[in-house]
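So you can see what is in the structure, the chains are spelled out below.
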Amino acid sequence: MAELFYDDDADLSIIQDRKVAVLGYGSQGHAHALSLRDSGVDVRVGLHEGSKSRAKAEEQGLKVTTPAEAVKEATVIMVLVPDPIQAKVYEESIAPHLKDGDALFFGHGLNIRFGFIKPPASVDVCMVAPKGPGHLVRRQYEEGRGVPCIAAVEQDATGKAFELALSYAKGIGGTRAGVIKTTFTEETETDLFGEQAVLCGGTSALVKAGFETLVEAGYQPEIAYFECLHELKLIVDLMYEGGLEKMRWSISETAEWGDYVSGPRIINEGTKAEMKKILGEIQDGTFANNWMAEYNAGLPKYNELKKADEDHLLETTGKKLRKLMSWVDEEA
Ligand code: NAD
Ligand code: MG
Ligand code: MG
Ligand code: MG
Ligand code: MG
Ligand code: MG
């Protein structure tokens, strides 16, 4: 069972006694920088000249400097730039200014797990990753609550890396909710698997296949859209609130019976065998290496696949239908 840590297990003064650099000011970066600042931590945000986020961070009262300058000033460096560019930012702006005893922090383990970034043995390497998007992390903090976090230590040069990680997590409100101890390997592999097999990849493919099946059988795309995409939110909300049990309590007995007898025909032994293959390709680095190669080649396949889905009847139908539903906020 997982080990959990709360406010009483973490000492905020540890992170308050350090200088922290938050590199990047996107979804996670803004939440970390603002909440650490409000927790009495000495924070600076590292952004390249010309970054659109610079004005926003300054407006919110944060000190902004270049990534290299931020790393020079700080002894704790949180890397919250997009994963595919982290290795480049590390080579150019972090590595030349790292000092013995510094701590390198991440919000996701990909670059460490697959060796794209290889920090020297003299620095702590930690992860603090909230289990929620940045805007929720920030809002919960401001309301005196927190989003649960996971924390990990890959390299403990000082012998105190985990206490430091817990202190950082306290600074962003994580220990108010609870921090689960994990490893870079477990976080990275399960995160990639979850998003590919279930959350993003599995769900998108399931919705598309269901929609196409109905449309190819002659049903109206608008009706197919409601049945295969729109109503998914209701079902997922019920699962989120009370697991499969609450969802099945809420749906009709007919829907529940169909769930039991047809679900396993859709997601069957063949699907699970493919999931195991996908997990294997994540674990052995095939996925990460292919993704980096695609990214560095300028994203040709990515753009092709993106375009194909943008033009899909499911998407054009949805755009039209969502206009009829005033409560569906496209900007949310
Ligand atoms: P994001 O895309 O929202 O923001 C990235 C930020 O990096 C932007 O402010 C951008 O201006 C800045 N940036 C881009 N290039 C830069 C450069 N060369 N130098 C300095 N700054 C640069 O990213 P995100 O979604 O917050 O993800 C950051 C990290 O957090 C990733 O490791 C990600 O896996 C992890 N993470 C994200 C979430 C999430 O909810 N989005 C959740 C958990 C973990
Ligand atoms: Mg420094
Ligand atoms: Mg994830
Ligand atoms: Mg992910
Ligand atoms: Mg229905
Ligand atoms: Mg029921």
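Residues numbered from 1 in each chain as written. Chains lettered and ligands numbered in written order. Predicted model: local features only at pLDDT ≥ 70, side-chain atom pairs only at ≥ 80, totals over all residues. Heavy atoms only, no water.

**Here's the deal with unusual backbone geometry**
The condition that has to hold: Each helix corresponds to a stretch of at least 4 residues labelled H or I by DSSP, and each strand to a stretch of at least 2 residues labelled E; elements are numbered beginning at the N terminus.
The phi dihedral of Leu299 falls on the positive side, at around 60 degrees, and the residue is not glycine. Structurally, Leu299 is set in the loop between α16 (286–296) and α17 (300–310).

**Overview of the nonpolar core**
We count it as follows: Among the buried residues, those of types Ala, Val, Leu, Ile, Met, Phe, Trp, Tyr and Cys that are joined through side-chain atoms within 4.5 Å form a nonpolar core. Only protein chains enter the accessibility calculation, which uses a 1.4 Å probe. A residue is then buried if its area is under 20% of the maximum for its type, exposed if over 50%, and partly exposed in between. Here, residues are in contact when the closest pair of their heavy atoms is within 4.5 Å.
Membership of the largest hydrophobic core comes to 34 residues, with the highest contact counts inside it found for Val20, Val22, Tyr25, Leu36, Phe105, Val128 and Tyr168. Of all the elements in the fold, those that place two or more residues in this core are β2 (19–23), α2 (27–38), β3 (42–46), β5 (76–79), β6 (103–106), β7 (124–130), β8 (149–155) and α8 (161–171). Not counting the four nearest positions on each side in its chain, Tyr25 is found in contact with His30, Ala33, Leu34, Val45, Leu47, Ser53, Lys56, Ala57, Gln60 and Leu62. Ranked by size, the runner-up nonpolar core spans 23 residues in total, among them Ala21, Val71, Phe106 and Phe184.

**Observations concerning the side chain of His32**
Selection rule: Definition of a polar contact: a pair of N or O atoms within 3.5 Å, with one able to donate and the other able to accept a hydrogen when the atoms are protein atoms, and with sequence-neighbouring residues admitted only if both atoms are side-chain atoms.
When you line up the elements, His32 lands in helix α2. At 2.8 Å, the side chain of His32 and the side chain of Tyr168 are in polar contact. Filtering out sequence-adjacent residues up to four positions away, His32 remains in contact with Met78, Leu80, Val128, Pro130, Tyr168 and Ile172.

**Observations regarding the sheet that holds β5**
Put simply, the rule reads: When DSSP locates at least two bridges between a pair of strands, those strands are taken to pair. Helix axes use the C-alpha atoms of the stretch in contact, all axes being lines fitted to C-alpha atoms, and the angles between their N-to-C directions lie in the range 0 to 180 degrees.
Spatially, the 9 strands line up as an open sheet ordered β1-β9-β8-β7-β6-β5-β2-β3-β4, and their pairing is mixed. Edge positions in the sheet fall to β1 (4–5) and β4 (63–65), since each of these pairs with one other strand and no more. In this structure, β6 lies alongside β7, joined through 4 bridges in parallel fashion. Across the sheet, Ala103 pairs through a bridge with Asp124, a residue of β7. Contacts from α8 reach β1, β2, β5, β6, β7, β8 and β9 (179–181) within the one sheet, and its direction differs from that of β7 by about 30 degrees.

**A closer look at the pattern of salt bridges**
Basically, it comes down to this: Only one rule defines a salt bridge in this text: a Lys or Arg side-chain nitrogen within 4 Å of an Asp or Glu carboxyl oxygen.
Taken as a whole and assessed by the stated rule, the structure comprises 18 salt bridges. One salt bridge connects Glu92 with Lys88, and the closest N-O pair in it is separated by 3.7 Å. Note that Glu92 and Lys88 are positioned in helix α5 (residues 86–94) at a spacing of 4 residues, about one turn of the helix. Accessibility assignment for this pair places Glu92 and Lys88 in one class, exposed. Each member of the salt-bridge network shares a partner with another, and the members are Arg37, Asp38, Arg138 and Glu142.

**Brief notes about the site of ligand 1**
To be explicit about the condition: When we say a residue is near a molecule or strand, we mean one of its heavy atoms is within 4 Å of it. Where accessible areas are quoted, they stem from the Shrake-Rupley method and a 1.4 Å probe; at the residue level, only the protein chains shown are allowed to cover.
Around ligand 1, the structure places 24 residues, and the nearest of them are Tyr25, Ser27, Gln28, Asp83 and Ile85. A distance of 2.8 Å is found between an oxygen atom of ligand 1 and a backbone nitrogen or oxygen belonging to Gln28. Gln86 is positioned such that a nitrogen or oxygen atom in its side chain is 3.2 Å from an oxygen atom of ligand 1. About the coverage of ligand 1: the protein hides 72% of its 840 Å² of free accessible area.

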